[in-house]
Amino acid sequence: MAKIEIIYFSGYGHTTKQAEAIAQGAGDQARLWPISEDGTLPDEAWDALDGADAILFGSPTYMGNAAWQFKKVADTSAQRWFTRSWQDKLFGGFTNSGSPSGDKGMTMAWFQTLAAQHGGLWVSLNQMPANTKANTAADMNHFGGSAGPLATSPSDASPEEGPFAGDLISARTYGERVATLAQARQAA
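Fair warning: this is a prediction, and the values are worked out from it, not measured in the lab. (Residues numbered from 1 in each chain as written. Predicted model: local features only at pLDDT ≥ 70, side-chain atom pairs only at ≥ 80, totals over all residues. Heavy atoms only, no water.)

Visitor: I'd like to hear about unusual backbone geometry, residue by residue, with values.
Guide: P163 follows G162 through a cis peptide bond whose omega is 5°. Secondary-structure assignment places P163 in the loop between β7 (150-152) and α6 (165-187). Positioned with a positive phi, R84 is a non-glycine residue whose angle comes to about 60°. Its location among the elements puts R84 in the loop between α4 (78-83) and β5 (90-97). You can call R84 partly exposed: its relative accessible area is 32%. In this model, D88 sits at a positive phi of 70°, which is unusual for a non-glycine residue. Relative to the helices and strands, D88 is located in the loop between α4 and β5. (Helix = DSSP H or I, 4+ residues; strand = E, 2+ residues; numbered from the N terminus. Buried < 20%, exposed > 50% of the residue type's maximum accessible area, 1.4 Å probe, protein only.)

Right, here's the structure in full:
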């Protein structure tokens, strides 16, 4: 069985729901590793990341990029960069913000760059956009992303109210995609 490790920071609980949906889609292969409020991961998370077949990054988009807590973990990952210990792993990412755009694309591009610096292989969303007049926030990929699942949680929504239903469907489907690709690579 492939090992999928999901590291994420969630400021208000909305990104946690997105991470949980991805893990649900990936099944028994996925483990969640929340980043603490002070921007750290436990030692066992680092060990799990080193042994992973796929690593997924998640953070809300704050001020046009990932939260500082995630950036602190990314800076700490430089130790792995020096030894190339994450080279050729599958990588992916997801983000959430209060606005439909909210500069989520900047966060996703930064996640892709971080993965590339580690020599990783990025897993795209591979979902057609829901871009007709009939589509609603309950439809999968209603924001038309391609790098990974994008979610919106209105700033006055509790974690029980957001992200939108379609965003969680996109996240679950993405988890399934990552798991399928990780399994295929492991079998090869």
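Visitor: Give me helix α5 (residues 104-117): which residues, what numbers.
Guide: With 14 residues, α5 extends 20 Å from end C-alpha to end C-alpha; this agrees with the ideal 20 Å at 1.5 Å per step. Contact partners of the buried residues in α5: β3 (54-62), β4 (65-66), α3 (68-76), β5, β6 (121-122) and β7. Among the residues trailing α5, G119 stands out with phi positive, at a value near 80°. (Expected span 1.5 Å × (residues − 1). Contact = heavy atoms within 4.5 Å.)

Visitor: Tell me about helix α2 (residues 43-50), residues and numbers included.
Guide: At 3.6 residues per turn, the α-helix brings residues three or four places apart onto the same side. For α2, the complete set of buried residues consists of A45, W46, A48 and L49. Mapping the buried residues of α2 onto a view down its axis gives an arc of 160°, with all of them on the same face. Opposite the buried face of α2, by more than 90 degrees, sit the exposed residues D43 and D47. Elements that come into contact with the buried residues of α2 comprise β1 (4-8), β2 (30-34), β3, α3 and α4. (Arc of directions from axis to C-beta.)

Visitor: Tell me about the pattern of salt bridges, residues and numbers included.
Guide: Summed over all chains, the structure comprises 2 salt bridges. Across the salt bridge formed by E5 and R31, the nearest N and O atoms sit 2.9 Å from each other. Linking E5 in strand β1 with R31 in strand β2, this pair joins segments that are 26 residues apart in sequence. Of the residues examined, R31 reaches a relative accessible area of 40% and is grouped as partly exposed. Notably, a salt bridge pairs D50 with R80, separated by 2.9 Å at the nearest N-O pair. Highlighted residues: D50 in helix α2 and R80 in helix α4, separated in sequence by 30 residues. Exposure remark for R80: the relative accessible area of 13% places this residue in the buried category. (Salt bridge = Lys/Arg side-chain N within 4 Å of Asp/Glu carboxyl O.)

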